[in-house]
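The residues making up each chain are set out below.
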Amino acid sequence: MDIRNLLAGPTDEERAAIDDLLGPPESGWEGGNFTGLDGHVAYGGHAARERRNLLLPALHAVQDAVGSVSKGALGYISERLTVPPAEAYGVSTFYALISTGSRAQTLIHVCDDIVCARYGADELKRSLELELGQPGAIDPGMSWTPSPCLGQCDRAPAALIHTAGAGYRNVAPAEAAVLTRLDFEELPTGLIHQGREELRLLRRIGDVDPESLDSYRASGGYSGLAKAIDMGRDGLIAALDESGLRGRGGAAFPIGIKWRGVADAEDDAKYVIANGDESEPGTFKDRILMEGDPFAVIEAMTIAGFATGATKGFAYVRGEYPVAERRLVHAIDEARNAGLLGTDVAGAGFGFDIEVRRGAGAYICGEETALFASIEGERGEPRQKPPFPTEKGVFGKPTSVNNIETLVAVLAVLEMGAAEFAAIGTERSTGPKLFCISGDVARPGLYEVPFGTTLRQLMTLAGGVRESAGVGAILVGGAAGSFVDAGNLDMELTFEGAAAAQTGLGSGAVIVFDDTTDFGPVLRRIAQFFRDESCGQCVPCRIGTVRQEESLARLAADSPLGGFAEERQRLDDLALVMTDASICGLGQTAASAVQSAFRLSLRGTAR
Amino acid sequence: MEDTDLIVMWGSNAREAHPIFFHHVLKAINKGARMFAVDPRRTSSAAWADVWLGIDVGSDIALSNTLAWEIIKSDLYHEHFVAHATSSFDEYAESVEHWTLQRGQEVTGVPAEAIKQLAHEYATAPTAQLCWTLGITEHHNATDNVLALINLALLCGHVGRYGSGVVPIRGQNNVQGGGDMGALPNRLPGFQLVADPDLRGKFEKTWEATIPHRPGKHISLMHEAMDEGELRALYVIGENPLQSEADAQQMERRLTGLDFMVVQDLFLTATAEIADVVLPAAGWGEVEGTFTSSERRVQRVRRAIDPPGEARDDLELMSMVARAMGHDWPTPTAEEAWDELRSLSPMHGGMTYERLDQSGGLQWPCPTEDHPGTLFLHGRLWEGETGPKAPFSVVDWVPPVDPLSEEFPLRLTTGRRLDSYNTGVQSGRYPSPRRIHGVLDLSPEDAEALGVHEGEVVRVVSRRGNLEAPIRLDRSLRPGLAFMAVHFPDDTDVNQLTIDAWDPKSGTAEFKATAVRIETLVST
């Protein structure tokens, strides 16, 4: 290990936070005191490097305790995990939520993304600037910083507050005075607007105590696992095939094929991962599921473990979702105490356990291979596929990564039966589906509808466009999605229907803009989002996202480089290069919303 | 190397001294190979090891014999291989009988538990590579050190198989080639013995000259011959002995006492500056020829640019010297010289330039033009007819020649750093952001006990000389152990301190074990 120790050591507080996670150092070489034998022997190598995956948890531990990660703390973490400090620094600076410089005791992250920007984020930022100064101003007590989407779009504007020693808290809708007084209650989980008897995915939310296993079981919880065990691995996977269930994270991959791929892989270790790194602007469905029905996530992961033969699961939860993380950790503890996780799950003769990993502010980590890198303690940079995760996933082992909604839908399949599940929706898009509606509608929130519902019906459920205005455009699929206009309101919300309308359902985000909207600022915010969130690994995306934003800025200033047509051509060229040549979906979709807006000649795009 | 299961790096900081080789080690490690490091310092190589055994300087044989004791006692040695392919096992086993784990710990300082772990893992690994460099060979008993390691490989059958072997890592791209070409006192090209009249005759016939039947002198014997006035003239090719040899003051007296000295080098080295004649040589991008790497692979080197100024390639320079001496030598092309070698050295016989070009390199022995070259040596030991058995060698541990005492309580060892090369002739003229100039590395504990701090200039005194150097604190050192790099003879000439006690079998001096004390300088 090419460790060049940083001169500063950790403070006692930092050391304690790290030792609390990693255990006390076993020798001087690990940062403890040197004793006689240390001069003649040292242990490390593979055993030490295997703990590399604790790098991000260690960074969190320090930041949670003291608010930021100093060089001394970074050096000590490097020593403990035998990670070169330069690499540890590279990882720590990769994540937006990790502060490597000095930082205020309390830091307020203010969402100014697409939806919040239309619902008070600007006023909020102005107030905070008056009270606390510029973003990131060095004040030992409190400061603030703008943030991408915090997943609270149904109650904009949103804020996330981190106080050293007191953890993260969400506030939405946020007011400056409330934020700076640190005077707020924990948020309720979210809003449901749908007849309760028709709910399959959301039926427990608000009804069942998310912190009680008994309450979960009383509502039918863990009957899915029992059924799955009865059916056996092959029967279960066959049922999933029959249900037609496809992944809800954006890629729409059939879950039966994915699970069978891992089940059939022969290896000494396999993993299942619940992808709760929900970061697509306009998306908040997985947060509501994790906060309101954490046992369902745990149960479904356990079923995935049974089906695939994986004995270890990771629930990767977005760092901006503190309540979801806390409830999942609690649910795992309860399930373990009840024998529903551990070496012999439910007495059925298979072992499975789950570890929660917290993200740290990186949209890209929702991409499955970037998520692997993040768990492994690397920068969250996507990897080339193939090999596919079912073959080489996290730690190079066969891995099934599933979106939270997909996992909960597995329970619905088991509860209803595959045939009944498949009868909902269309032939290629089966079952119920969650949509996150936000923006200019009367009742923003999370909606569960059968696949095949039209956009117009969904809009009607949400009360239509606010203040009786007309539809300007609807962004389907979040920042990585595409705009459709009023002419497409009758499109069916299915995978194939969305494709026919030149968009995709993506994460299920539906952001509505009324007909007074100037889309110029919206597109620039989307472009800024991709510029900020590009991991920087591959050139088309690293350069392309910057050039795209610059081009939009010139258009907004009415000073196109070489004329409007040339600027349009430049945007088209960038879009082609990013779409064709980027390693992962981020770069491949970074131009899609912008391109669709120009295609529809939305207000603010044409000259 | 890349496919082995276990790697022992013994007296080798390859991470810094052999960085290219170490990349292959890292590939093996990344594929799961275990690694043990045996080194007094916990170097940047040792930091990659699963277990680092921090032995006391010069206790290598003690450790090796203890490992053998544990392997034999635990019945983990390769009985079939030992019986089939080796000789003198009984004497060897008897010689290590008193090397218990406890005694091993007492002599080497390494905890018995760690010695036992290495013994068991090395003996039971399906394949294992035992690698060493100057930490083994720069001692007064260098050859015994090497034999002690070879004993271990024989004991466990870790030789002559794919993925198993003994690996002395070469410090230059062509050290192997130098020896192959006969730059050894007792060998002709292809390791053929000078003393053998038939072999000598073969060369004499081709060369149309008489070859002296007595072996020449290795470097340490040359030193003695200079001291005795027997050796009066020296032709130095690509060496900087004024600064690279142990006990530099002694060396300067020797070189200045010569009647005549020629230096042939790329650079005007310190040795060249005191020479009578300097012949400017061409560098690697300016010549045609071959290099031979540590793994015996012969590769072509091609001329990309013309040599600067009056510089000539070595072949031309030597031909010119011969002509100046009255011999009618033409200047052969590199290929003509190579083809002559192929006709005389059987192990190179099949390596035509055409094949070398096509294959990108061939490993000797490669006797005929349809021979594919040889991936690893000693495979015969596993065959039905082994040929000559591989003998175990009884080797006794002897402490370093320069003993620690109350007057000289610190053990100074020497070595290289990543950014610099030997005496700095090749690397010193380029800046490096990683360069640490001439310093004395000390453990934080010793610095505290001596009341000295980082950057403070102190006097380092050995029984032979002294120098001044700033202190650098280095956590890789334990109390009692100090380190200096060899790269800065103009500022901090570590060879003012070292001892030229040398190994009678290899002729190498004990650079690695010097007794020193540190004197603080009174501020004026």
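A. Local environment of the packing of helix H20 (residues 519–533) of chain A against helix H21 (residues 539–556) of chain A. Residues and elements named next belong to chain A. Their axes nearest at 8 Å, the elements H20 and H21 cross at an angle of 160°. For the element pair H20 / H21, the angle class is roughly antiparallel. Our pair here, H20 against H21, has a crossing hand that is left-handed. Counting all contacts with H20, which are made through Gly520, Leu523, Arg524, Ala527, Gln528, Phe530 and Arg531, the residues of H21 involved are Thr545, Val546, Gln548, Glu549, Leu552, Ala553 and Ala556.

B. Seen up close, the environment of A:Lys285. On the secondary structure map, A:Lys285 appears in helix H12 (residues 285–292). Take A:Lys285: there are 27 C-beta atoms within 10 Å of it, and that puts it in the buried class.

C. Structural context of the pairing of strand E5 (residues 167–171) of chain A. Residues and elements named next belong to chain A. Inspection of the sheet shows strand E4 (residues 159–163) paired to E5 by five bridges, in the antiparallel sense. When the bridges of E5 are listed, Leu160 appears paired with Asn170. As consecutive antiparallel partners, E4 and E5 are separated by three residues, and within that stretch Gly165 has a phi angle of approximately 85°, a positive value.

D. Geometry of the domain arrangement of chain A. Residue and element names in this part refer to chain A. Each assigned domain of chain A is listed with its residue range as follows: domain 1 (12–94), domain 2 (107–181), domain 3 (205–421), domain 4 (424–514) and domain 5 (519–599). The centre of domain 3, based on its C-alpha atoms, is set 34 Å off from the matching centre of domain 5. Taken together, the contact pairs nine residues of domain 3 with eight residues of domain 5. Residue composition of the side of domain 3 that touches domain 5, grouped by class: five nonpolar, two polar and two charged.

E. Molecular detail of the nonpolar core. Counting residues in hydrophobic clusters, the biggest one holds 183 residues, and the most contacted among them are A:Ala159, A:Val297, A:Val410 and A:Ile474. Take this core: its biggest share by element is 10 residues, from helix H13 (residues 294–308) of chain A. Beyond its immediate stretch of four places on either side in the chain, A:Val410 contacts A:Leu240, A:Leu245, A:Ile255, A:Ala300 and A:Ile303. One finds B:Ile55, B:Tyr77, B:Ala125 and B:Phe392 within the second-largest nonpolar core, a separate group that totals 75 residues.

F. Up close: the packing of helix H3 (residues 55–66) of chain A against helix H4 (residues 71–81) of chain A. Residues and elements named next belong to chain A. Put simply, H3 and H4 touch, their axes get as near as 11 Å, and they point 150° apart. As for how H3 packs across H4, the hand of that crossing is right-handed. Residues Leu55, Ala58, Leu59 and Val62 of H3 form the contact with H4, whose own contacting residues are Ala73, Ile77 and Leu81. For the contact of H3 with H4, the class distribution of residues is seven nonpolar, no polar and no charged.

About the cut-offs
- All residue numbers refer to position in the chain's written sequence, counted from 1.
- Labels follow written order: the first chain is A, the first ligand is 1, and so on.
- Only residues with pLDDT of at least 70 get local features here, since the model is predicted, and only at 80 or more are side-chain atom pairs given and counted; chain-wide, interface and lining totals rely on the full set of residues.
- Angles run from 0 to 180 degrees between N-to-C directions of axes, and those axes are lines fitted to C-alpha atoms, restricted for helices to the stretch in contact.
- A helix here means a DSSP run of H or I that spans at least four residues, while a strand means a run of E at least two residues long, and both kinds are numbered starting from the N terminus.
- An angle counts as roughly parallel when it lies under 35 degrees, as roughly antiparallel when it exceeds 145, as roughly perpendicular when it falls between 65 and 115, and as oblique in every other case.
- Here is the rule for handedness: rotate from the far helix to the near one, and if that takes an anticlockwise turn smaller than a right angle the crossing is left-handed, while a clockwise turn gives right-handed.
- Residue pairs qualify as contacts under a 7 Å threshold applied to their C-beta atoms, which are placed from the backbone.
- Working definition of burial: number of other C-beta atoms within 10 Å of the residue's own, with buried at 20 or more, exposed at 12 or fewer, and partly exposed in between, all C-beta atoms being placed from the backbone.
- Any two strands with at least two DSSP bridges between them are considered paired.
- Those domain boundaries reflect an automatic or database domain assignment.
- Three classes are used, and their members are as follows: Ala, Val, Leu, Ile, Met, Phe, Trp, Tyr, Cys and Pro are nonpolar, Asp, Glu, Lys and Arg are charged, and the others, Gly among them, are polar.
- In these notes, a nonpolar core means any group of buried Ala, Val, Leu, Ile, Met, Phe, Trp, Tyr and Cys residues linked to one another through C-beta atoms within 7 Å.

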